Amino acid sequence: DSEFEGAEIYAVEIIHTHEAEAGVPADAILFTAEGPAAFKLESEDTETLNMIFVPVRIGMRGEIYYEVLDGLSAGDQVAQVGLFYLDAAAKLRQ
C-alpha cells in the first residue's frame, strides 16, 4: 500500500528552458492597441521620476512574470502600479 493511494497527483514537465534577457511582473505590462508596453524609469532626481513609454516584445508568461524578449534589459526599473495614469499623462503630452 502506498501512502498516496487514492490521492490526486498533478505533475508538470518542463520540456524547454532558456535564459531571457529580462523578466518583469505581469502587472508592469500595459496592453495597448499598438501592442504590449511598459513604463521604464529613465532618470531619477530628488524631485521627479522620469518614466518613458517603451514598446516591448514579450514571450512566455509564468505565474507572475512575463519574459521580455525586446524593449527592456536586465536591471531596467519599470512601473508596476498606476500604468493607466501614466499612459493618460503620456498621451496628453503628445
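Model, not experiment: these values are computed from the prediction.

Q: Give me the lowdown on the nonpolar core, citing residues and values where you can.
A: Residues Ala 22, Val 24, Ala 26, Ala 28, Ile 29, Ala 38, Val 54, Val 56, Tyr 66, Val 68 and Leu 72 constitute the largest nonpolar core, which totals 11 residues. Elements with a contribution of two residues or more to this core: β1 (22-25) and β6 (65-70).

Q: I'd like to hear about the layout of surface pockets, residue by residue, with values.
A: When its volume is computed, the largest pocket comes out at roughly 180 Å³. Lining the largest pocket, in full, are Phe 39, Leu 49, Asn 50, Met 51, Ile 52, Phe 53, Leu 86, Ala 89, Ala 90 and Arg 93. Among the elements of the structure, β4 (49-55) and α1 (83-93) are those that each provide at least two residues to the lining of the largest pocket. Among the elements that line the lining of the largest pocket, the one with the most residues is β4, at 5 residues. Along the lines of polarity and charge, the residues of the lining of the largest pocket split into 8 nonpolar, 1 polar and 1 charged.

Q: Provide a residue-level description of the pattern of salt bridges, including the pertinent values.
A: All told, the structure shown has 1 salt bridge when counted by the stated rule. A salt bridge links Lys 40 to Asp 76, with the shortest nitrogen-to-oxygen separation between them at 4.0 Å. Residue Lys 40 is found in strand β3 (residues 35-44), and its partner Asp 76 is found in the loop between β6 and α1; the two are separated by 36 residues along the sequence.

Q: Could you give me a rundown of the sheet that holds strand β5 (residues 57-61), with the residues and numbers involved?
A: A sheet is described by the order of its strands in space; here 3 strands give the open sequence β1-β6-β5, paired in antiparallel fashion. The strands lining the two open edges of the sheet, one partner per strand, are β1 and β5. Here the average twist between neighbouring strands, direction ignored, is 40 degrees. With 4 bridges connecting them, β1 and β6 associate as antiparallel partners.

Q: Describe the sheet that holds strand β2 (residues 30-32), naming the residues involved and giving the relevant values.
A: Read from one edge of the open sheet, 3 strands run β2-β3-β4, paired in antiparallel fashion. Looking at which strands have only one partner, the edges of the open sheet turn out to be β2 and β4. Neighbouring strand axes in the sheet, compared pairwise and without regard to direction, differ in orientation by 40 degrees on average. Summarising the sheet, β3 and β4 pair through 7 bridges and their orientation is antiparallel. Bridging from a neighbouring strand, Glu 44 pairs with Leu 49 of β4. Each of β2, β3 and β4 touches α1; the most contacted strand, β3, lies at about 80 degrees to it.

Criteria and thresholds
- Residues numbered from 1 in each chain as written.
- Predicted model: local features only at pLDDT ≥ 70, side-chain atom pairs only at ≥ 80, totals over all residues.
- Heavy atoms only, no water.
- Core = buried A, V, L, I, M, F, W, Y, C linked by side-chain atoms within 4.5 Å.
- Buried < 20%, exposed > 50% of the residue type's maximum accessible area, 1.4 Å probe, protein only.
- Helix = DSSP H or I, 4+ residues; strand = E, 2+ residues; numbered from the N terminus.
- 1 Å grid on protein atoms, 1.4 Å probe; cavity = no way out; pocket = protein on both sides within 12 Å on 5 of 7 lines; lining within 4 Å.
- Points joined across faces, edges and corners; volume = space filled by probe spheres on them.
- Nonpolar A, V, L, I, M, F, W, Y, C, P; charged D, E, K, R; others polar.
- Salt bridge = Lys/Arg side-chain N within 4 Å of Asp/Glu carboxyl O.
- Pairing = 2+ DSSP bridges.
- Axes fitted to C-alpha atoms, helices over the stretch in contact; angles between N-to-C directions.
- Contact = heavy atoms within 4.5 Å.

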